[in-house]
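Residues per chain, in single letters:
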Amino acid sequence: MAHPARFRRLLLGAAALALTFVLAVGGGTAWLWTTADISTVGTTEFTRPLAIPPLADSTVDADGTRVFTLDMQSGTTEFEPGRPTDTWGFNGTYLGPTLRAANGERVRVQVRNTLPEASSVHWHGMHLPAKMDGGPHQMAEAGATWTPEWTVAQPASTLWYHPHPHGATEDHVRRGLAGMFWIDDDLAGALPLPHDYGVDDLPVIVQDLRMRGQQLDGTRAIMRDVGFLGDNTMVNGTIGPYQEVGDELVRLRLLNAATARTFTFAFDDARPFALIGTDGGLLERPATLDRVRLSPGERAEIVVRMRAGERTILRGERLDAGLDFWGNRFAGGDDTFDILELRAAETLRPSPDLPATLVAPSTPDGSDAVTERHFDLTFAKINDTEMAMDRIDATVTRGTTEKWVVRNSDGMPHNFHVHDVQFRVLDYAGAPPTPDLAGPKDTIFLAPGTTATLALRFDGPADPTTPYMYHCHLLWHEDRGMMGQFVVVEPGQEAATPPRHAH
Ligand code: C2O
Ligand code: CU
Ligand code: CU
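Here the structure is a predicted model, which is why all the values come from computation and not from measurement.

Scoring rules and cut-offs
Residues numbered from 1 in each chain as written. Chains lettered and ligands numbered in written order. Predicted model: local features only at pLDDT ≥ 70, side-chain atom pairs only at ≥ 80, totals over all residues. Heavy atoms only, no water. Pairing = 2+ DSSP bridges. Helix = DSSP H or I, 4+ residues; strand = E, 2+ residues; numbered from the N terminus. Patch = residues over 30% accessible without salt bridge, like charges linked within 9 Å, V, L, I, M, F, W, Y side chains within 5 Å. Areas by Shrake-Rupley, 256 points an atom, 1.4 Å probe, with all protein chains shown as cover. Salt bridge = Lys/Arg side-chain N within 4 Å of Asp/Glu carboxyl O. Buried < 20%, exposed > 50% of the residue type's maximum accessible area, 1.4 Å probe, protein only. Donors = N, O, S within 2.8 Å, 3.2 Å for Na, K, Ca; no water. Axes fitted to C-alpha atoms, helices over the stretch in contact; angles between N-to-C directions. Domains from an automatic or database assignment. Contact = heavy atoms within 4.5 Å.

Concerning the sheet that holds strand β26 (residues 369–378)
- Taken together, five strands build an open sheet; the order of strands is β27-β26-β29-β33-β31 and the sheet is mixed. At either margin of the open sheet sits one strand with a lone partner, and together these are β27 (381–382) and β31 (424–428).
- Across eight bridges, the pairing between β26 and strand β29 (residues 400–408) is parallel. Residue L377 lies in a different strand from β29, and its bridge partner there is N408.

Now the structure itself:
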């Protein structure tokens, strides 16, 4: 039988222990909490002119093929003068040139991998044969050259390219491997839109950044379940960027090239702007908005009106996606950034008014869908399955339209990207698509608990052996296995087993 005094001592000891535990956890939580939200609003000094990625050189072969060369290379970049940082880039040390080709044009890209490790180059948003897609099945070994070739068959749009090695995509993109690929066509070219590259039509590649000493720091902080989040932003590899503009209307081609962060872009004075295009091309008509949300991989083309002599700042605002208190904080949703300052000249060249209508829709409306598939996203799986290189998850028939119902069943943000196609959003969270979801899309943000229905048409060509990917474009999630594979086959044909790879 326990002695009462001894029992009391024991009880007191246990209580003290519990109290210590509560204090430690609580203190740790408070520390995590206070260190978790970041803001560069009001403190950013815009001291560097925005770098504009050069337009990629190309040659045209006798048969009319436009040929580009992209060298994947390592080197050092001085984000701050006198402080060399180890980085990777295409034809340079950070990011890459902007490739431009016309709808209907045959293109070939010589990708030379001079990096110390295997990688790949994926043409995000491009409709092309699976073997040319540059996903994890088209690796370029260190020292090797990979030369994809295809005919551009899609409307004017703002696409991009980046590596896609399974398990290492976040790392390769964050080191600096990304660039834009713009498609032109006669229809868009004839519209009175700003289209002078680097003058009134600006590539705006937004990324997260954190430095440790003078090196890029890519570590994922504790509880940051979305992946790497930085404490600053840069545009086109420029920290604290400003751009002088000389036209009344300026077109910004926004690309969220961050690996995990979802940005809500708005101007510091909340001025309205015109959204004219989404991932895969122009809208039917401009839409007036004062903010646009882009998750990793998404693009938006916006046109902003400037007044002579003024300055305005493009900002990243708080994420409003129905996340709970904690979820929002640790997903970076409470962070705010001053991203890019636009400085208007004292006199501006007049710009023609935006046209009332732009282009006819190029995506299917889903009325002829032959199949409905469901994709359920929970970290880090799709339909409770992790990515496997030698498993085909879906077989679609060339020339058919399908409905894909994608759902985020998780408490954290995800998005959903499909290779090879631009899709139409039929509904989002039970409602018809808002203007930012009304154009051609290849990537869609999914707030926790949200379902979206997409209509996709697979025009081929068929290749039962080589899969395309669909995945969450929060790259750490993708690397962890939130990815699946589909093949396009001829009617009646079956999927074959993709070859195993050495990686
Ligand atoms: Cu931008 Cu599969 O990726
Ligand atoms: Cu892609
Ligand atoms: Cu995800």
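Let's pick the thread back up.
Focus on a nonpolar patch on the surface
- A surface patch of nonpolar side chains, about 450 Å² in accessible area, is lined by I222, M223, F325 and W326.
- Looking at the element boundaries, W326 is found in helix α4 (residues 325–330).
- A relative accessible area of 38% places W326 in the partly exposed class.

Regarding the coordination of the copper ion (ligand 3)
- Donor atoms from the polypeptide that coordinate the copper ion (ligand 3) comprise H414 (ND1), C472 (SG) and H477 (ND1), at 2.0 to 2.2 Å from the metal.
- Sequence positions of the donors to the copper ion (ligand 3) reduce to the motif H-x57-C-x4-H. In this pair, H414 sits in strand β30 (residues 414–418) while C472 sits in the loop between β34 (468–471) and α5 (475–480), placing the two residues 58 residues apart along the sequence.
- Among the residues examined, H414 registers a relative accessible area of 0% and is labelled buried.

Let's talk about the pattern of salt bridges
- By the definition in use, this model includes 38 salt bridges.
- Ionic pairing is found between R271 and E310, a salt bridge with its closest N-O pair at 2.8 Å. Residue R271 is found in the loop between β19 (263–267) and β20 (273–278), and its partner E310 is found in the loop between β23 (299–305) and β24 (311–317); the two are separated by 39 residues along the sequence.
- By relative accessible area, which is 8% here, R271 ends up buried.
- Where salt bridges share partners, they join D279, E298, R299, K441 and D442 into one cluster.

Details of the coordination of the copper ion (ligand 2)
- Within the first shell, the copper ion (ligand 2) binds the protein through H122 (NE2) and H417 (NE2), at distances of 1.9 Å. Of the two residues, H122 is situated in strand β7 (residues 122–124) and H417 in strand β30; the sequence distance between them amounts to 295 residues. Neither H122 nor H417 differs from the other in exposure class; each is buried.

Some points on the sheet that holds strand β5 (residues 99–102)
- Sheet architecture is open: four strands sit in the order β5-β11-β10-β7, paired in mixed fashion. Bordering the open sheet on either side are β5 and β7, each of which pairs with just one other strand. Averaged over all adjacent pairs, the angle separating strand axes in this sheet is 25°, with direction ignored.

A word on the domain arrangement of the protein chain
- Segmentation of the protein chain into domains returns domain 1 (48–189), domain 2 (201–349) and domain 3 (369–489).
- Each of domain 1 and domain 3 has a C-alpha centre, and the two are 23 Å apart.
- In this assembly, 24 residues from domain 1 lie in contact with 24 residues from domain 3.
- Between domain 1 and domain 3 we count one salt bridge in total.
- A salt bridge links D463 to K131; its shortest N-O distance comes to 3.3 Å.
- Only β7, β10 (157–162) and α2 (169–174) provide two or more residues apiece to the side of domain 1 that touches domain 3.

What to know about the pairing of strand β3 (residues 66–80)
- One ladder, built from two bridges, connects strand β2 (residues 59–60) with β3; its direction is antiparallel. Directly across from V60, in β3, lies its bridge partner R66.
- Between β2 and β3, which pair antiparallel in sequence order, lie five residues; one of them, G64, sits at a positive phi of approximately 90°.
- Examined bridge by bridge, β3 and strand β6 (residues 106–113) share seven bridges and lie parallel to one another. Its bridge partner lying in β6, F68 is registered against V109.
- In the sheet, β3 pairs with strand β4 (residues 83–90) via seven bridges, with the strands oriented antiparallel. Its bridge partner being in β4, Q73 is matched across the sheet by G89.
- Between β3 and β4, which pair antiparallel in sequence order, lie two residues; one of them, G82, sits at a positive phi of approximately 80°.

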